[in-house]
Amino acid sequence: IVPNTIDRAYLDQFLNLTRIRTKDVIGVHIYQGGPDTAGPHTWPAVWLDDVEAILARHDAHNPYWVSEVGPPETWRPDDLARYYGELFTSRAEVVCVYTTNCGGWLPGCGRDLYDGNGRLTASGLALKSVVSPPTAAPAAYP
């Protein structure tokens, strides 16, 4: 997977300097803002449209992965749900969400899916709602 870049300009430069083989998978990371930001500055659909335009300019028809993404858990639940929804309805072949829990490794990383007690954070709840939405209860038999 190449080059696992956050910066779309770096992806463009990377593709200028290398030859992508047909079996290569392009990887991009999407990280925006920190725990103190109110929401994304670029929605995934827009971000990935830019990635796809860069790939097209380089005649790279390879699949791409969002090889790492982690929205801050402090974003509003509706923003988190939209963010995950756009990721999982994109043309990305794979979406890898970071992280389960920083566990003190990176104090204040703010991108946890669950807290230290095993409870889902707002981000974890939003991800769960997108990847496994509730199903309707079966109809009652007369």
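Look a little higher up for the structure.
Now for a quick tour of the structure. Just so it is clear, the structure is predicted and the values come from calculations on it, not from any experiment. (Residues numbered from 1 in each chain as written. Predicted model: local features only at pLDDT ≥ 70, side-chain atom pairs only at ≥ 80, totals over all residues. Heavy atoms only, no water.)

Moving on to the overall build of the protein. Along its length, the protein carries four helices and four strands. What you see in the protein, going N to C, is helices and strands ordered as β-α-β-α-β-α-β-α. Within the protein, the proportion of its 142 residues that are buried is 40%. Pairs at least 24 residues apart make up 66% of the contacts formed inside the protein by residues separated by at least 6 positions. As displayed, the protein offers around 8300 Å² of accessible surface, 56% of which is attributable to carbon and sulfur atoms. (Helix = DSSP H or I, 4+ residues; strand = E, 2+ residues; numbered from the N terminus. Buried < 20%, exposed > 50% of the residue type's maximum accessible area, 1.4 Å probe, protein only. Contact = heavy atoms within 4.5 Å. Areas by Shrake-Rupley, 256 points an atom, 1.4 Å probe, with all protein chains shown as cover.)

Before going further, it helps to spend a moment on the packing of aromatic side chains. In the structure shown here, the tally under the stated rule is three aromatic pairs. Both rings, one in Y10 and one in F14, keep their centres 6.3 Å apart while their planes meet at 40 degrees; by these two values the pair is tilted. Taken together, the residues span about one helical turn, with Y10 and F14 both in helix α1 (residues 8-17) at a distance of four residues. Of the aromatic side chains, those joined through ring pairs into one cluster are W43, W75 and Y83. (Phe/Tyr/Trp six-rings, centres within 6.5 Å; stacked < 30°, edge-to-face > 60°.)

Turning next to unusual backbone geometry. Despite not being glycine, N4 has its phi angle at roughly 55 degrees, a positive value. Its relative accessible area of 31% is what places N4 among the partly exposed residues. Of note in this structure, D59 is not a glycine but carries a positive phi near 55 degrees. Examined against the element boundaries, D59 turns out to sit in the loop between α2 (44-57) and β3 (64-69).

Our next topic: the sheet that holds strand β4 (residues 94-97). Taken in spatial order, the four strands make up an open sheet running β1-β2-β3-β4, and their pairing is parallel. Strands with a single pairing partner mark the edges of an open sheet, and in this sheet they are β1 (2-5) and β4. Across the sheet, the axes of successive neighbouring strands diverge by a mean angle of 15 degrees, strand direction being ignored. Note: β1 against strand β2 (residues 26-30), three bridges, orientation parallel. Looking at the pairing, P3 lines up with G27 of β2. The strands touched by α1 within the sheet are β1 and β2, with β1 carrying the most contacts at an inclination of about 165 degrees. (Pairing = 2+ DSSP bridges. Axes fitted to C-alpha atoms, helices over the stretch in contact; angles between N-to-C directions.)

Side chains of residues three or four places apart in an α-helix project in the same direction, reflecting 3.6 residues per turn. Among all positions of helix α4 (residues 122-131), only S123, G124, A126 and L127 are buried. Buried positions in α4, seen along its axis, are confined to an arc of 160 degrees and lie on one side of it. The secondary structure elements touched by the buried residues of α4 are α3 (77-88) and β4. (Arc of directions from axis to C-beta.)

This part covers the packing of α1 against α2. Where α1 contacts α2, the two axes come as close as 10 Å, and the packing angle between them is 15 degrees. Considering their axes alone, α1 and α2 lie roughly parallel with respect to each other. Between α1 and α2 the crossing geometry is right-handed. For the pair α1 and α2, contact is made by R8, L11, D12 and L15 and by W47, D50, V51, I54, L55 and R57, respectively. For the contact of α1 with α2, a count of residues per class yields six nonpolar, no polar and four charged. (Parallel < 35°, antiparallel > 145°, perpendicular 65-115°, else oblique. Left-handed = near helix turned anticlockwise from the far one by under 90°. Nonpolar A, V, L, I, M, F, W, Y, C, P; charged D, E, K, R; others polar.)

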